[in-house]
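Listed here are the chains, written in short residue letters.
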Amino acid sequence: MSTVTLKDLKKTYANGFQAIHGIDMEIRDGEFIVIVGPSGCGKSTLLRMIAGLETITDGELMIDDRRVNQVEPGKRDIAMVFQNYALYPHMSVYDNMAYGLKIRKKSTEEIAQQVNRAADILEIGALLDRKPSQLSGGQRQRVAMGRAIVRDPKVFLFDEPLSNLDAKLRVQMRIEIRKLQRALKTTAIYVTHDQVEAMTLADRLIVMNGGLPEQIGSPMELYDRPATTFVAGFIGSPAMNFIPVRVDKKGATFPSGQNLNFSVPSGHENVLLGIRPEDIEITTPDLADLTLKVSVIEPLGADSLIYGSCEGMKEDLVVRVRDKATVQEEETFSVRFNQQKLHYFDPTTNSRLP
Amino acid sequence: MRNSRRLGPLAVHALLISYTIIALFPILLIIFNSFKSRKAIFKSPLSLPDANTFDLVGFEKVLGSSSFDVYFLNSISVTVMSLAFVLVLGAMAAWALAEYDFPGSDFVALFLAIGIMIPIRLGSVSLLKIIVSLGLINTLTALVLVYTAQGLPLAIFILREFIAQIPDDLKEAARCDGVTEYRIFWSIILPLIRPALATVAVFTMIPVWNDLWFPLILAPGEDTATVTLGIQQFIGQYVTDWNAVLASLTLAIVPILILYLVFSRQLIRGLTSGAVK
C-alpha cells in the first residue's frame, strides 16, 4: 500500500562509471512495475538502489512521503526476492520465513500466524520443516516469495526471480506472481531481461538502455507506439523489422529501388520504416508492397515465421503467418504491409517520427 | 590399457599406506611401550605388551606422584582459550576484510600475510620483555595471548577465503530482512563457515598443545606448567624415567584426540549446499 517516487535518480560508481543517468518516475500504490532491458543496462542497479543495497549518488528516492536515500534496507520496509533465492541454507523453511519477523521482535504467535498464512497462499505448508537443500528449484522460489510475503512490506522487489527455473515452471510461476500481487495489492517492482515476462506482468514497464529509461508506459502502449527503435526492437517477439527508406523528390523508395505505395513523414531524406512480423501478410503480386525470397521457414505450430531476403537489405524480413506457411524455401513471394501498423523512426536519432 | 589404469590408484594407495605407517609408527611405539615394564622397553621395544611385560608403573607414577592433573588442566585451558580467541577474533577480522572496503584494509591484509610468513618465535625476546612489563610472567594469560597472536594470521587468511565464497545475495537478503551486521556475522556467516572453522581449529590447536618453547620461557612455574613442560621433569641429564615419559605422552594424546574428533565431524559437512542454485 505504498507509492514510490524516483526523482532524477543517479548512480555513479567510485571508478567513475555512471550506471544510472537519471530516472524520474512515480509508481502508484499497488502498481506492478517491470524494469526490462538487456544485460548491463542498469536495471538491477536501479532495483538495488531502491532496495538500499546500492548507494544513491544523486537524486531523491521516496517511499510514500518518506525520503529514504540514506535509510538502511531493513528500515525501508521493502522485501526483495533474489534471482538465486538466497535462502539461509542452515535454517528450515519455516525459520527462513520467520527470520525477518524474529528480527523485528514479533511475538511467537504472530510469527506462526504470518508464516502459516504465507505457506497456505504459496502451498508450501508441507515443506516447512525441510532445509532449502531438500527443495526443488520451484519450491525454493516459493519459499523466497514466502519470505517476502510474511513481512507484509510496502514494496516487493523482484530481481529476475524466474531466470533459474525451467521454461514450463517459469510460465507457471509468472502467472502465480501476477495473481499473488493482484490479491495482496502490494506495490511491486520487478526486474527482468525477458520481454515476455515484462509484457505479461507489468501494469507499466520501463525499458532501460545504457542507464537511461528509453520509454515508460503500459505494455500495449510500448508495443503499439514504441518511442525509439530500441524499444521497438526489444518489445515483441520476433522483433520488429526495420527497413531503411530513401525519400527524394520523386517519392520514397525501398533499398531495392522499388517505390513505396504509401506516404512517409516528410522532411527527412532517410527514414527507418518499422513493421512487426504479425503486421505483414502474404498477398498476390498485384497488391504487393514488396517481393521477398524465402530463406528460412520456422514452423511454430500455431503460426510460422518466414524469413525473406530482399535485394539491397542486409537482414532478412520476418513475416508471421497463421498455420502452416504456404510458400516453400527459395520461392519468391509478395507481401503487403498493414497501413495502420507502420512505424517511422529517424535513423540518426533513432526516435519515433510522428 | 586396463592394467595401466589400475596401476595408478594402486601406486597412490601404496604410497599413502606406507606414509601412514611411517607417520603412525612412532606414536604406536609410544603407546605400546607405555604399558610395558622398564626392562621390557629396553629388551624388545618393538613387541606388544604381553602378560609378562605388562606394567602400569608409568601411569601410576604420572597420575599418583606428580602434579600432572595441574599440567593437564593448564594445557587444556591454554589450548581451549587460545582456540576460542583465534576462532572468534579470526572470523570477525576475516569477515571485516572480506566484506567491507575500508581505508587501510589492504594494509591490514598484507600485515597479516607477513604474520604467516615470519614465525612468531623470532620475536621471543621482545615478547618476553612485553610479558614481563605487563606483569604476566608465569601466568596462563601470557600463553593465551601469544598463542592467539600466533594463530590469527593464518586463521584470518583461510577464513577470509571461505567468507568471500558465501554468495552476496545471502547477506543482502539478510540486510533486507533488517538484520544488523553483527547479527549477520553471528547467525548467517558463522554457521556457514563451520567446516572452515573446524579446519582452522585443528591446525591451530595442535602446535599450541605441543609447544614447549613459550611455556618454558613465559610460564615455567610449577603452577602454570603445561603437559609438555611437565614431561621434562622425567627426562634427566643422567637418568630418564622412560615409563613415566611414555605414559605421560600417551595421556597427552587423549585430550587432543577428543578435540580433533569433535572438529572433524564438522569437516565432513558441506553446509553451503542449497543456499543458492
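From a predicted model like this one, the values you see are computed outputs, not experimental measurements.

The rules behind each value
- Residues numbered from 1 in each chain as written.
- Chains lettered and ligands numbered in written order.
- Predicted model: local features only at pLDDT ≥ 70, side-chain atom pairs only at ≥ 80, totals over all residues.
- Helix = DSSP H or I, 4+ residues; strand = E, 2+ residues; numbered from the N terminus.
- Buried ≥ 20, exposed ≤ 12 C-beta atoms within 10 Å, placed from the backbone.
- Pairing = 2+ DSSP bridges.
- Axes fitted to C-alpha atoms, helices over the stretch in contact; angles between N-to-C directions.
- Contact = placed C-beta atoms within 7 Å.
- Domains from an automatic or database assignment.
- Nonpolar A, V, L, I, M, F, W, Y, C, P; charged D, E, K, R; others polar.
- Parallel < 35°, antiparallel > 145°, perpendicular 65-115°, else oblique.
- Left-handed = near helix turned anticlockwise from the far one by under 90°.
- Core = buried A, V, L, I, M, F, W, Y, C linked by C-beta atoms within 7 Å.

**Considering the overall build of chain B**
Piece 1. Tallying secondary structure elements over chain B gives 13 helices and 0 strands in all.
Piece 2. Beginning at the N terminus, the succession of helices and strands in chain B can be written as α-α-α-α-α-α-α-α-α-α-α-α-α.
Piece 3. With respect to the principal axes defined by its C-alpha atoms, chain B has extents near 70 × 70 × 30 Å.
Piece 4. Looking at chain B as a whole, 32% of its 277 residues qualify as buried.

**Points about the sheet that holds strand β7 (residues 155-159) of chain A**
Residues and elements named next belong to chain A.
Piece 1. Judged by pairing direction, the sheet is mixed, and its 6 strands sit side by side in the order β6-β7-β8-β3-β9-β10 without closing on themselves. Of all strands in the sheet, those bounded by a partner on one side alone are β6 (78-81) and β10 (212-217). Taken pair by pair, the neighbouring strands of this sheet meet at an average axis angle of 15°, ignoring direction.
Piece 2. Two strands pair when backbone bridges link them, and β7 and strand β8 (residues 187-192) are joined in this way by 5 bridges, in the parallel orientation. Note that in β8 the partner of Phe158 across the bridge is Tyr190.

**Re the environment of Arg276 of chain A**
Residues and elements named next belong to chain A.
Piece 1. Structurally, the position occupied by Arg276 is in the loop between β13 (270-275) and β14 (280-283).
Piece 2. The buried category is assigned to Arg276, around which 24 C-beta atoms lie within 10 Å.
Piece 3. For the pair Arg276 and Ser237, spaced 39 residues apart in the sequence, the C-alpha separation amounts to 8.9 Å.
Piece 4. Beyond its immediate chain neighbours, meaning those up to four positions away, Arg276 contacts Gly236, Met240 and Lys341.

**Observations concerning the sheet that holds strand β12 (residues 251-253) of chain A**
Residue and element names in this part refer to chain A.
Piece 1. Within the open sheet, the 4 strands sit side by side as β12-β11-β13-β19. Their pairing is antiparallel. Two strands bound the open sheet, and with one partner strand each, they are β12 and β19 (343-345). The average angle at which neighbouring strand axes cross in this sheet is 35°, direction not considered.
Piece 2. In terms of strand pairing, β13 meets β19 through 3 bridges, oriented antiparallel. Opposite Gly274, over in β19, you have His343 as the bridge partner.

**Focus on the domain arrangement of chain B**
Residues and elements named next belong to chain B.
Piece 1. For chain B, the assigned domains read domain 1 (2-55) and domain 2 (59-268).
Piece 2. Counting from both sides, the interface comprises 6 residues of domain 1 and, opposite them, 6 residues of domain 2.
Piece 3. Mapped by element, the contributors of at least two residues to the side of domain 1 that touches domain 2 are α1 (2-34) and α2 (38-43).
Piece 4. Take the side of domain 1 that touches domain 2: its biggest share by element is 4 residues, from α1.
Piece 5. Partitioning the side of domain 1 that touches domain 2 into residue classes produces 3 nonpolar, 2 polar and 1 charged.

**Regarding the environment of Ser136 of chain A**
Residue and element names in this part refer to chain A.
Piece 1. For Ser136, the location among the structural elements is in the loop between α3 (108-122) and α4 (137-150).
Piece 2. Note on Ser136: 11 C-beta atoms within 10 Å, which makes it exposed.
Piece 3. Separated by 29 residues in sequence, Ser136 and Leu165 have C-alpha atoms that sit 9.8 Å apart.

**A look at the packing of helix α5 (residues 105-117) of chain B against helix α7 (residues 140-165) of chain B**
Residues and elements named next belong to chain B.
Piece 1. Here α5 crosses α7 at 120°, and the two axes come no closer than 8 Å. With respect to α7, the axis of α5 lies oblique. Relative to α7, the crossing made by α5 is left-handed. For the pair formed by α5 and α7, the contact residues are Leu112, Ala113, Gly115 and Ile116 on the first element and Pro153, Leu154, Ile156 and Phe157 on the second.
Piece 2. Of the residues contributing to the contact of α5 with α7, the split by class is 7 nonpolar, 1 polar and no charged.

**Details of the interface of chain A and chain B**
Put simply, an interface is often sized by how much accessible area is lost when its parts join up.
Piece 1. Each partner contributes to the interface: chain A provides 25 residues, whereas chain B provides 20 residues.
Piece 2. Listing elements by their share of the side of chain A that touches chain B, those giving two or more residues are β6 and α2 (93-103) of chain A.
Piece 3. For the side of chain A that touches chain B, the residue count by class is 15 nonpolar, 7 polar and 3 charged.

**Focus on the nonpolar core**
Piece 1. Core analysis: the largest hydrophobic core is formed by 137 residues, its most contacted members being Ile33, Ile35, Leu157 and Ile189 of chain A together with Leu143 and Leu159 of chain B.
Piece 2. No other element matches α7 of chain B, which puts 13 residues into this core.
Piece 3. Excluding its chain neighbours within four sequence positions, the residues that come into contact with Ile35 of chain A are Lys43, Leu46, Leu47, Ile189, Val191, Ile206 and Met208 of chain A.
Piece 4. Formed by 14 residues, the second largest nonpolar core is a distinct cluster that contains Phe68, Val227, Ile231 and Leu249 of chain B.

**Describing the domain arrangement of chain A**
Piece 1. Parsing chain A into structural domains produces domain 1 (4-233) and domain 2 (241-345).
Piece 2. Here the C-alpha centre of domain 2 of chain A lies 39 Å away from the C-alpha centre of domain 1 of chain A.

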